[in-house]
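Residues per chain are reported as follows:
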Amino acid sequence: MMLYPAMKDLLAQVPSRYQLVNVVAHRARQIAADAEEGGYPLNDKPVSIAIREIAEGKVDLSLPTQPQV
């Protein structure tokens, strides 16, 4: 079984595995929420879509700014 995209391709975009897990989870939640809100079905699982987007460099990896309290 071959993992696609390869882990080395993902780690070229994100510096650590821990951060990669967090980025994938965050993006997958965004994808699922957008699909539910828009009322359209997803052909793939949100995690698979998020992983592909990260490998292709389509995801902004900058840290979100924290709101001032």
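Residues numbered from 1 in each chain as written. Predicted model: local features only at pLDDT ≥ 70, side-chain atom pairs only at ≥ 80, totals over all residues. Heavy atoms only, no water.

Looking now at the pattern of salt bridges. If you walk through the whole model with that rule in mind, you get three salt bridges. The salt bridge involving Arg27 is made with Glu53; its shortest N-O contact spans 2.6 Å. In this pair, Arg27 sits in helix 2 (residues 17-38) while Glu53 sits in helix 3 (residues 46-55), placing the two residues 26 residues apart along the sequence. Its relative accessible area of 17% is what places Glu53 among the buried residues. Between Lys58 and Glu56 there is a salt bridge whose closest N-O contact spans 3.0 Å. In this structure Lys58 comes out as exposed when scored by relative accessible area, which is 61%. (Salt bridge = Lys/Arg side-chain N within 4 Å of Asp/Glu carboxyl O. Helix = DSSP H or I, 4+ residues; strand = E, 2+ residues; numbered from the N terminus. Buried < 20%, exposed > 50% of the residue type's maximum accessible area, 1.4 Å probe, protein only.)

The biggest cluster of nonpolar side chains holds 11 residues, and these are Leu10, Val14, Leu20, Val23, Val24, Ala28, Ile31, Ile49, Ala50, Ile54 and Val59. Elements represented by at least two residues in this core include exactly helix 2 and helix 3. Broken down by element, the residue count for this core peaks at five residues, all from helix 2. For Leu20, the contacting residues outside a window of four places in its chain are Met7, Leu10, Leu11, Val14 and Ile54. (Core = buried A, V, L, I, M, F, W, Y, C linked by side-chain atoms within 4.5 Å. Contact = heavy atoms within 4.5 Å.)

So yeah, pure geometry; function would need other evidence.
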